[in-house]
Amino acid sequence: MMEAAERRVRHAIFCEGVVQGIGFRPFVHRLAVELELSGWVSNSPRGLEIEAEGAPGNLDEFLRRIREDHPAGATVNRVAMRAIEPRNESGFAIVESSDAGDRRPTLPADLAMCAACLAEIRDPQSRRHRYPFTTCAGCGPRYSVVADLPYDRPRTTMRRFAMCPDCAREYHDPGDRRFHAETIACPACGPHLSLIDAAGNALAQDDSALRRAADAVRGSRIVALKGVGGFQLIADALSGAAVARLRERKHRPDKPFAVMFPSIEAIHAHCALSAEARRALESGAAPIVLLQKSDCDIRRKIADGVAPRNPMLGAMLPYTPLHALLLEAVGGPVVCTSGNLSEEPICAETDEAIARLGSIADVFLTHDRPVARPLDDSVVRIGARGPQTIRRARGYTPVSIEIGADGSPVLALGGHMKSTIALGLGREAILSQHIGDLDSAPARAAFQRAIDDLTSFFRCAPELLACDLHPDYASTIVAEQLSKRLGVPLVRVQHHHAHVAACMAEHALVGPVLGFAWDGTGCGTDGTIWGGEALAVRGAAFERVATLRPFALAGGERAVREPRRAALAVLLGAGVDPRPLLRRWFEDADLKQIAKMIDARINAPLTSSMGRLFDAVAALCGLRGAATFDGQAAMELEHALDCDAESAGEYPIALAGDAPVVGDWTPLIEALLEDLRRGAAIAHISARFHNALAAFIVKVAARVGLERIVLSGGCFQNEYLLNRAAALLERDGFRVYFPRIVPSNDGGIALGQVLVARHAAMEADHVSGSSG
Ligand code: ZN
Ligand code: ZN
Ligand code: FE
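The present account deals with the structure reproduced in this document. (Residues numbered from 1 in each chain as written. Chains lettered and ligands numbered in written order. Predicted model: local features only at pLDDT ≥ 70, side-chain atom pairs only at ≥ 80, totals over all residues. Heavy atoms only, no water.)

Quick look at helix H20 (residues 666–677)
The end-to-end C-alpha separation of H20 is 17 Å, in line with the 16 Å expected for 12 residues at 1.5 Å each. Looking only at H20, the buried set comprises Thr666, Leu668, Ile669, Leu672, Leu673 and Asp675. Close packing links the buried residues of H20 with helix H16 (563–573), helix H18 (610–620), strand S29 (661–664) and helix H21 (682–704). Directly beyond the C-terminal end of H20, a positive phi value near 75° is found at Gly679. (Helix = DSSP H or I, 4+ residues; strand = E, 2+ residues; numbered from the N terminus. Expected span 1.5 Å × (residues − 1). Buried < 20%, exposed > 50% of the residue type's maximum accessible area, 1.4 Å probe, protein only. Contact = heavy atoms within 4.5 Å.)

Observations concerning the pairing of strand S11 (residues 288–292)
Pairing of S11 with strand S15 (residues 379–383), which is carried by 3 bridges, proceeds in the parallel orientation. Within S15, the position partnered with Ile288 by the bridge is Val379. Pairing geometry for S11 and strand S12 (residues 312–316), over 4 bridges, is antiparallel. Note that in S12 the partner of Leu291 across the bridge is Leu313. (Pairing = 2+ DSSP bridges.)

What to know about the environment of Cys643
Position of Cys643 among the secondary structure elements: in the loop between helix H19 (632–639) and strand S28 (654–656). For Cys643, a relative accessible area of 75% translates into the label exposed. Along the primary structure Cys643 and Ala683 are separated by 40 residues, whereas in three dimensions their C-alpha atoms are 9.1 Å apart.

Notes on the coordination of the zinc ion (ligand 1)
Coordination of the zinc ion (ligand 1) by the protein involves Cys114 (SG), Cys117 (SG), Cys136 (SG) and Cys139 (SG), with metal-donor separations of 2.3 to 2.4 Å. Here the zinc ion (ligand 1) is ringed by 4 donor atoms whose angles at the metal span 105 to 115°, and the overall shape comes out tetrahedral. Ordering the donors of the zinc ion (ligand 1) by residue number gives the pattern C-x2-C-x18-C-x2-C. Here Cys136 falls in the buried class, since its relative accessible area comes to 5%. (Donors = N, O, S within 2.8 Å, 3.2 Å for Na, K, Ca; no water. Tetrahedral: all angles 85-135°; square planar, octahedral: opposite > 155°, others 65-115°.)

Regarding the coordination of the iron ion (ligand 3)
For a metal bound by four donors in a tetrahedral arrangement, the ideal donor-metal-donor angle is 109.5 degrees, while six donors in an octahedral arrangement ideally sit at 90 or 180 degrees. Ligation of the iron ion (ligand 3) by protein atoms is provided by His495 (NE2), His499 (NE2), Asp519 (OD) and Asp746 (OD), these donors lying 2.0 to 2.2 Å from the ion. Around the iron ion (ligand 3) sit 4 donor atoms, and with donor-metal-donor angles ranging over 85 to 170° the site reads as irregular. Motif for the iron ion (ligand 3), donor spacing along one chain: H-x3-H-x19-D-x226-D. Placement of both His495 and His499 in helix H14 (residues 495–506) is noted, with a separation of 4 residues, approximately one turn of the helix.

Spelled out as structure tokens, the structure:
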């Protein structure tokens, strides 16, 4: 009996996954103490290493609970163990991290403030009462403060704040919520707030800075707030004047703003809130969630200018103590939008914010905790088929994605709009945070910084580069330079191929699949602009099996901002006199001149873009002749739908030719014009247009006969189109995939490029192997 009780075993245990920075080591420590095990735990660059020794039954229990009871926010992908010689030591220690070996993503994304920390900042007895930088082992900034791995305080931007004795005691006490909380801080030792004006003059400190910032918001002024991943612009969401001022200064006339509400109840008072939407809002990622505005009669109404003519509202909850305290002091919802000029990257540090936002913000509420890398708020939509990511940044980056293809390190530089980059490391890929459109100098600088940051953070020396086929994208030019400098081959991936591959990567699909890649524009292999493509994809190869009949876009880029030009192009293409139909959008002379450009094909490139077909229909319906942001016309056409859309019937699209099949929209336009002449409702016309596209997808899928269908590209952010197409496809026995955790828009391109480059490398290896 005695002998059995005294028998000790020792295991070396290795946990792989997202196991650092969520209180995993303290959790392991508590568990070991409870189960009377001795040994140690340490972060390693690839995960967590543990040696544990004790009674065999207790060790089994230890392993079970590591797998099953681990802290929220952690992902344990693999637990490996082997028996080693017992040492008969006593006590269980958290030992310093080792810093050797290759890098795998083990770090969680930034985590929203937890309930315990919120209670603490509201408790007048707590030494962290009203302290805006309160965090614990289970919550707080992570990726936005980490300079290097493994995740330990000396490698975070908190290293400049030496812990006070009270914080040090908590940090070293295994029974404390802040045991090994790397971002631990308090008013005595941590970061501080200050309020400054646009000239950089200090106006107030700490709590008085916060209260004065809240006063400014209530006075309809605009406050630039340094949050987790950089600056946000804050304005009173109930004040039409404040919102109008923000729009004017930010040069953003229509694009919806997100609103931060003080509580989930406040969101519920303004928006329809499903259980799933609530889960997303309250998750550790705390994204902006797009919700249907509700009609309920509320006295304190969100200003119309927040999301003009839009049935949806982007809502979020305070995700740091700083936001919670500010919202409490303001006493109502605030517009909370990225601190930038339209489509530029977010500002991270105070000097930069003053330089770039000085003409937008009246005051700056800032602090002295540096931002390791800028991170925008993420945006998620909850569709009938679950959550879909629209912008992926804070709260999600750098969580890795299993892509189902192994190989040497790949760096992919993505597209041009909504730019992101991606690293392929083994079977995993890391998609960078949203960087922005690469048109401006600050955006290109941020892009370069993101490349340096991501590769050095993961200690990745890429052996292969990938970029878009478009020769003029800023990302392509950087890729070419990098390829020369590093002496590493460059794979150029066709834009729509990358859209399909992004979805394949997310779902670890190898192929073959039939992918519908529908978006605004992307460079095709034939030199024309593609955007309404169906591609049969297998590995690194694709075949264009269907497309749209092309039309000529006069003025190239200008046509993107002027849906009326797309309308003119399809009318001319359909052989219809455009003058009576487009009178509201064109002066006669303008129309004549642009029509001439189209006829003579002068500065009027051909496109098969589905996004532009949406534009054309929106303009014909009288919804929009000129757009102020990407996808605006298409969005308004979707919003024109009503609940009877499914039974509205559909316009005809003719299928012509073979390899590729060409979808001719001429009969569609003719039927649509007939509806307009009859005075049909726009809701009805929009429905028949959407239904026509879904029916087109099903017809092409039936012809091609591949079972797995991918729906990717910006057009599939259209909730109705996605659901309708998916439902019809599934009815006919197809399996439908669409991007969920990766954006369907160009923000996902980089991930697709990683997968295509990886397959290209494998196929090249195979060829050289079999020929040699
Ligand atoms: Zn906490
Ligand atoms: Zn302290
Ligand atoms: Fe695209």
